[in-house]
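Here is what each chain is made of, one letter per residue.
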Amino acid sequence: MRFDTVIKNGTIVTATDTYASDLGITDGKVAAIMQGLPAESAGQVIEAAGRLVLPGGIDVHTHLDMPFGGTTSADDFETGTIAAAFGGTTTLIDFAIQYKGQSLRQAFEAWRKKAEGKAATDYAFHCIITDLGAAQLEEMGQLVREGVSSFKLFMAYPGVFMLDDATIFRAMSQAAQHGGLICMHAENGGAIDVIVQRALAEGKRAPKYHALTRPTTAEAEATARAIALAEMAGAPVYIVHLSCNEALEKVREARDRGLPVYAETCPQYLFLSLENFDVPGFEGAKYVFTPPLREKWHQEKLWQGLVKDTLQVVSTDHCPFCYKEQKELGKDDFTKIPNGGPGIEHRLSLIYTGGVHGKRFSANRFVQLVSTAPAKLFGLYPRKGTIAVGSDADLVIFDPNEEQVISAKTHHMRVDYSMFEGIRVKGVPKTVLSRGRVVIEGGRFVGRPGAGQFVRRQTFAGV
Ligand code: URP
Ligand code: ZN
Ligand code: ZN
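Residues numbered from 1 in each chain as written. Chains lettered and ligands numbered in written order. Predicted model: local features only at pLDDT ≥ 70, side-chain atom pairs only at ≥ 80, totals over all residues. Heavy atoms only, no water.

## Observations concerning the sheet that holds strand S6 (residues 57–62)
For step 1, the next point in the chain: Taken together, the eight strands give an open sheet; going across it, the order is S6-S9-S10-S11-S12-S13-S14-S15, and neighbouring strands pair in parallel fashion. Pairing within the sheet leaves two strands with one partner each, and these edge strands are S6 and strand S15 (313–314).
For step 2, the next point in the chain: Note that strand S12 (residues 181–185) and strand S13 (residues 237–239) share three bridges and pair parallel. Its bridge partner lying in S13, Met-184 is registered against Ile-239.
For step 3, the next point in the chain: Packed on one face of the sheet, helix H4 (residues 165–178) meets strand S11 (150–154), S12 and S13 and runs near 150° to S12.
For step 4, the next point in the chain: Each of S6, S12, S13, strand S14 (261–265) and S15 touches helix H12 (residues 363–377); the most contacted strand, S6, lies at about 65° to it. (Pairing = 2+ DSSP bridges. Helix = DSSP H or I, 4+ residues; strand = E, 2+ residues; numbered from the N terminus. Contact = heavy atoms within 4.5 Å. Axes fitted to C-alpha atoms, helices over the stretch in contact; angles between N-to-C directions.)

Structural data, given as structure tokens:
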């Protein structure tokens, strides 16, 4: 047996198993998993004693190089995939936006061009639908067949992204027929808009009013409506960036009824709260994203949602805007602050810290949340999302005991602040491989921009 790479003496952790084994890689795939693999003839040997060997993280919610709010998100596919790799994420599913009057294909091709030649690790796309005529309805099936098997719809941002219920229902019916999955941004955009206009009329213009004008009831109402529309359409639905207990309860009730309803939350809702707005001047703008931060008590409810499988996935909703110049666009008016926060780099460390070291769940559940369930829900499994013979050798050699303090001074995202500044994490990716190639080693990026490939995803098959 000769391998390109042998990983020796690690502890392999998948969503179901934890065991000591060596691992052999050939041609970018896992070729053997057994004790005592011969290292002498391997092209390279990676020593993993005392470390966990995890399947590469899969982040199903990122916005790289995305025009939004009069500017463009600060990470492109090069800087974004590299920062993700530093944090142990080796596959992204980003959002290709169809603007009004465009075909869905135009969106897909525009985003492929943004990624090609730049992405350092593998990537796929969801398509954001903003305009759904007969032609685009037809195109949904074609895109699913070409590997873009999920679509994001918005119940918020009136006049920009928001769709009416009839259009949502049509899209859900069509997605169900073709094996696609609808990802829903669930907030009642109409009601929020009225509350926002009232706040502006009262002179409330500071960043915290972004959060205070988007009540949890608006998220819960839209979550319930999305679930009801999906039930009528006979479609599965995936609620993105769920932020509060009221919406979580809607998902729990639906799942208790056996409906194919799934949801993700993000580290910002697990670690941050409205208290983060208690900062001087305009600094609260660093925490302006949508849905907004909630009262602190929601955090534990969301953690328990992850424990109980009401929530199946942790993604980041990485949508970075620099504090200087970008967030500052809304200096005098919170509605002009570009919505989004940077998080692509620290998902694994944060969730391992709060979940496994926090004694809320096992390392297996951690792998399930950050890699395996995302792969299964979004048609990447078993090529990605697990460690098995024949799977892509997207692997993270993870030190479960190393500690690190998150800071913009040391992170790799192309943004001038961190939402998680000063938070101490325990559990750090040390070596990261993408299809068998080492991309992170010794605190350095050693991969190649452009080496990442577009991954065609399969149709929706549940988890
Ligand atoms: O504030 C956010 N979340 N920005 C990105 C767009 C979205 O709604 O996911
Ligand atoms: Zn959204
Ligand atoms: Zn998003």
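## Concerning helix H5 (residues 189–201)
For step 1, the next point in the chain: In this model H5 runs 18 Å from its N-terminal to its C-terminal C-alpha over 13 residues, within 8% of the 18 Å that 1.5 Å per residue would give.
For step 2, the next point in the chain: Every buried residue of H5 is accounted for by Gly-189, Ile-192, Val-196, Ala-199 and Leu-200. Seen along its axis, H5 keeps its buried residues to an arc of 95°; they face one direction. Set apart from the buried face of H5 by more than 90 degrees, the exposed residues are Arg-198 and Ala-201.
For step 3, the next point in the chain: In this fold, the buried residues of H5 make contact with helix H7 (216–233).
For step 4, the next point in the chain: The residue sitting at the N-terminus of H5 and contributing the capping side-chain oxygen is Asn-188; that oxygen lies 3.2 Å from the backbone nitrogen of Gly-190.
For step 5, the next point in the chain: Within two residues after H5, Gly-203 carries a phi angle of roughly 80°, on the positive side. (Expected span 1.5 Å × (residues − 1). Buried < 20%, exposed > 50% of the residue type's maximum accessible area, 1.4 Å probe, protein only. Arc of directions from axis to C-beta. Polar contact = N/O pair within 3.5 Å; in protein donor to acceptor, adjacent residues only side chain to side chain.)

## Some thoughts on the coordination of the zinc ion (ligand 2)
For step 1, the next point in the chain: In the first shell of the zinc ion (ligand 2), the protein supplies Lys-152 (NZ), His-185 (ND1) and His-241 (NE2), at 2.1 to 2.2 Å from the metal.
For step 2, the next point in the chain: The motif formed by the donor residues of the zinc ion (ligand 2), counted along the single chain, is K-x32-H-x55-H.
For step 3, the next point in the chain: Separation of the zinc ion (ligand 2) from the zinc ion (ligand 3) amounts to 3.9 Å. Of this pair, Lys-152 sits in strand S11 while His-185 sits in strand S12; the two residues are 33 residues apart in sequence, bridging distant segments of the chain. Of the two residues examined, Lys-152 and His-185, each falls in the buried class. (Donors = N, O, S within 2.8 Å, 3.2 Å for Na, K, Ca; no water.)

## Notes on the side chain of Lys-286
For step 1, the next point in the chain: Take Lys-286: it is sitting in the loop between helix H9 (267–271) and helix H10 (298–307).
For step 2, the next point in the chain: Residue Lys-286 is classed as buried on the basis of its relative accessible area, which comes to 15%.

## So, the nonpolar core
For step 1, the next point in the chain: Ranked by internal contacts, the top residues of the largest apolar core, which has 120 residues, are Met-172, Met-184 and Phe-366.
For step 2, the next point in the chain: Counting residues per element, this core draws most heavily on H7, which supplies seven residues.
For step 3, the next point in the chain: For this core, the domains that each give at least three residues are domain 1 (3–54 + 387–401 + 426–445) and domain 2 (56–377).
For step 4, the next point in the chain: Setting aside anything within four residues of it in sequence, one finds Met-184 in contact with Leu-153, Met-155, Ile-168, Met-172, Ala-226, Val-237, Tyr-238, Ile-239 and Val-240.
For step 5, the next point in the chain: The next biggest cluster of nonpolar side chains, apart from the first, holds 16 residues, and it includes Ala-124, Leu-181, Val-240 and Phe-378. (Core = buried A, V, L, I, M, F, W, Y, C linked by side-chain atoms within 4.5 Å. Domains from an automatic or database assignment.)

## Here we look at the coordination of the zinc ion (ligand 3)
For step 1, the next point in the chain: The zinc ion (ligand 3) binds to the protein through His-61 (NE2), His-63 (NE2) and Asp-317 (OD), with metal-donor distances spanning 1.9 to 2.1 Å.
For step 2, the next point in the chain: Of note is the zinc ion (ligand 3), whose four donor atoms meet at the metal with angles of 88 to 129° in an arrangement that counts as tetrahedral.
For step 3, the next point in the chain: Spacing between the donor residues of the zinc ion (ligand 3) along the chain follows H-x1-H-x253-D. (Tetrahedral: all angles 85-135°; square planar, octahedral: opposite > 155°, others 65-115°.)

## Observations concerning helix H1 (residues 77–86)
For step 1, the next point in the chain: For H1, the tally of buried residues reaches nine of ten residues, placing the bulk of the element in the interior.
For step 2, the next point in the chain: Among the residues of H1, those classed as buried are Phe-77, Thr-79, Gly-80, Thr-81, Ile-82, Ala-83, Ala-84, Ala-85 and Phe-86.
For step 3, the next point in the chain: Elements that come into contact with the buried residues of H1 comprise strand S9 (89–97), helix H2 (104–115), strand S10 (122–128), strand S17 (424–434), strand S18 (437–441) and strand S19 (444–445).
For step 4, the next point in the chain: Capping of H1 at its N-terminal end is provided by Asp-76; its side-chain oxygen lies 2.9 Å from the backbone amide nitrogen of Glu-78.
For step 5, the next point in the chain: Of the residues one or two after H1, Gly-88 is the one with positive phi, at around 90°.

## As for the site of ligand 1
For step 1, the next point in the chain: Ligand 1 sits among 14 residues. The nearest are Lys-152, His-185, Thr-290, Asp-317 and Asn-339.
For step 2, the next point in the chain: Contacts to ligand 1 include His-61, whose side-chain N or O atom sits 3.4 Å from an oxygen atom.
For step 3, the next point in the chain: His-241 places a polar side-chain atom, nitrogen or oxygen, 3.5 Å from an oxygen atom of ligand 1.
For step 4, the next point in the chain: Notes on ligand 1: free accessible area 260 Å², of which the protein chains cover 99%.
For step 5, the next point in the chain: A majority-of-atoms criterion places ligand 1 in the largest cavity. (Near = heavy atom within 4 Å. Areas by Shrake-Rupley, 256 points an atom, 1.4 Å probe, with all protein chains shown as cover. 1 Å grid on protein atoms, 1.4 Å probe; cavity = no way out; pocket = protein on both sides within 12 Å on 5 of 7 lines; lining within 4 Å. Sits in = over half its atoms within 2 Å of the grid points.)

## Concerning the layout of surface pockets
For step 1, the next point in the chain: As a volume, the largest pocket reaches approximately 470 Å³.
For step 2, the next point in the chain: Together, 20 residues line the largest pocket, and Tyr-157, Val-160, Arg-214, Thr-335 and Asn-339 are the ones closest to its centre.
For step 3, the next point in the chain: Considering each element in turn, the lining of the largest pocket owes the most residues, five residues, to H5.
For step 4, the next point in the chain: Here the lining of the largest pocket is built from residues that sort into ten nonpolar, seven polar and three charged.
For step 5, the next point in the chain: Forming the walls of the second largest pocket are 20 residues, and the residues nearest its centre are Phe-86, Gln-404, His-412, Val-428 and Pro-429. (Points joined across faces, edges and corners; volume = space filled by probe spheres on them. Nonpolar A, V, L, I, M, F, W, Y, C, P; charged D, E, K, R; others polar.)

## Some words on the pairing of strand S1 (residues 5–13)
For step 1, the next point in the chain: Most of S1 sits out of view: seven of its nine residues are buried.
For step 2, the next point in the chain: As defined by bridge partners, S1 adjoins strand S4 (residues 44–47) across four bridges and the pair is classed as parallel. In the sheet register, Ile-7 faces S4, and the bridge partner there is Ile-46.
For step 3, the next point in the chain: Alignment of S1 against strand S2 (residues 18–26), held across seven bridges, turns out to be antiparallel. Across the sheet, residue Val-13 finds its bridge partner in S2, namely Thr-18.
For step 4, the next point in the chain: In textbook terms, the turn of a hairpin is the stretch between consecutive antiparallel strands, and for S1 and S2 this stretch comprises four residues.
For step 5, the next point in the chain: Where S1 and strand S5 (residues 52–55) come together, two bridges link them in parallel fashion. Following the sheet pairing, Ile-12 is matched in S5 by Val-53.

Spatial relationships are all this shows, so hold off on functional conclusions.
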